[in-house]
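One-letter residues, chain by chain:
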Amino acid sequence: MRPGFFLGIGGLALSGLLCSNTGQREASAGPQPAAVVTGWYNGDWQPGLPSQPNWFFKEGEFSRVYDDFVVPPSGWTVVGVFSNNHMDFSGVTNAAWEIRRDMAPGKGGKKVASGLSRATQVPIPGEPPSPGAPSAAYRIQVDGLHVRLAPGRYWLSVAPVGRGGQWYADATLGKNALGDPPGNNGRALVTKTTFGIRFADAGSLSPPLRFGKAQDFSQGVAIDAASVNNGH
């Protein structure tokens with residue numbers, strides 16, 4: 001059994017869960033922009049790095065990763081967020097996402113925006129199943145957001161909602177990354193409520209494999225291109 005493996009049923013009826021989390025602060029939906037671009041992408045999956053469990057069942061029961069990105073002086077309007085994962089279940093329809101700032105090992109910082117939102121699960125072409133595991137690569141993406149971010153450093157988490165099987169965030173070394181940082185600064189944090197781990201340095205929990213430790217993960221933000229050009 002790999003570290004972080006968890007057992008259960010590979011699906012979840014969400015009606016009760018959605019009601020139970022109505023207290024979460026979620027960004028408001030707004031008019032969809034004419035042009036959407038990727039503001040930050042931490043890079044493609046790197047085989048030969050260990051992974052971290054990435055899932056959300058309910059408040060107080062989840063395992064998720066947080067990775068940092070930098071918003072430039074013009075600021076951004078975030079319209080979507082996503083994470084790349086290896087999973088053995090293809091029926092995900094919702095994701096729990098958070099954007100935080102002022103995080104550090106052992107410190108959760110301040111939650112800027114969050115939500116339990118409808119999500120799409122799309123296969124990632126060209127990424128094979130994980131060695132020794134019956135899992136495939138999927139992007140979990142939330143669209144329709146309208147989150148205005150001032151310049152600065154933030155941390156993102158996008159976790160598929162459900163519980164069961166093997167759901168792991170893809171580790172990266174920054175291949176095909178966009179924005180700042182390009183998947184190579186090692187500032188990812190991990191929370192695993194079932195193990196009592198809160199905002200731990202990802203590298204401290206990662207055994208070294210062929211290409212080292214898992215210290216950065218494949219996540220990204222989509223932004224309104226007009227917000228970059230106009231600064232609002």
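Cut-offs used in this document
Residue numbers here run from 1 along each chain, matching the order of that chain's written sequence. In keeping with the model being predicted, local features are shown solely for residues with a pLDDT of at least 70 and side-chain atom pairs are shown and tallied solely at 80 or more, while totals for entire chains, interfaces and linings include all residues. Calculated side-chain values reflect all of the structure's heavy atoms, with hydrogen atoms and water omitted. Should a side-chain nitrogen of Lys or Arg be within 4 Å of a carboxyl oxygen of Asp or Glu, the pair is scored as a salt bridge. For every residue, the accessible area (1.4 Å probe, protein chains only) is compared with the maximum for its type, and the residue is labelled buried under 20%, exposed over 50%, or partly exposed between those bounds. The secondary structure listing takes helices from DSSP runs of H or I that are at least 4 residues long and strands from runs of E that are at least 2 residues long, numbered from the N terminus. By this definition, two strands are paired if DSSP reports at least two bridges between them.

Draft legend 1. Quick look at the pattern of salt bridges. Under the criterion given, the structure shown has 5 salt bridges. Lys58 is the partner of Glu61 in a salt bridge, and the nearest nitrogen-oxygen pair spans 3.9 Å. Its relative accessible area of 38% is what places Lys58 among the partly exposed residues. Between Glu98 and Arg100 there is a salt bridge whose closest N-O contact spans 2.8 Å. Taken as a pair, Glu98 and Arg100 share a single burial class, namely buried. Overlapping salt bridges bring together Arg64, Glu98, Arg100 and Lys111 as one network.

Draft legend 2. Structural view of the environment of Val70. As for its position among the elements, Val70 is in strand β4 (residues 61–71). With 81 residues separating them in the primary sequence, Val70 and Pro151 have C-alpha atoms 7.4 Å apart.

Draft legend 3. Looking closely at the pairing of strand β10 (residues 152–160). Within β10, 7 of the 9 residues are buried, which leaves it mostly tucked inside the rest of the structure. In this structure, β4 lies alongside β10, joined through 5 bridges in antiparallel fashion. Residue pairing across strands places Asp68 opposite Trp155, the latter belonging to β10. Of the pairings in the sheet, the one linking strand β6 (residues 94–101) to β10 comprises 7 bridges and is antiparallel in character. By the bridge assignment for β10, Trp97 is matched with Val158.

Draft legend 4. Molecular detail of unusual backbone geometry. Cis peptide bonds are those with omega within 30 degrees of zero, and the linkage from Asp180 to Pro181 qualifies with -5 degrees. Positionally, Pro181 belongs in the loop between β11 (167–169) and β12 (189–192). Here Asp102, not a glycine, exhibits a phi torsion of approximately 60 degrees, which is positive. Assignment of secondary structure puts Asp102 in the loop between β6 and β7 (110–118). Even without glycine at this site, Asn176 takes up a positive phi of about 60 degrees. In this structure, Asn176 sits in the loop between β11 and β12.

The analysis is restricted to geometry; functional conclusions fall outside its scope.
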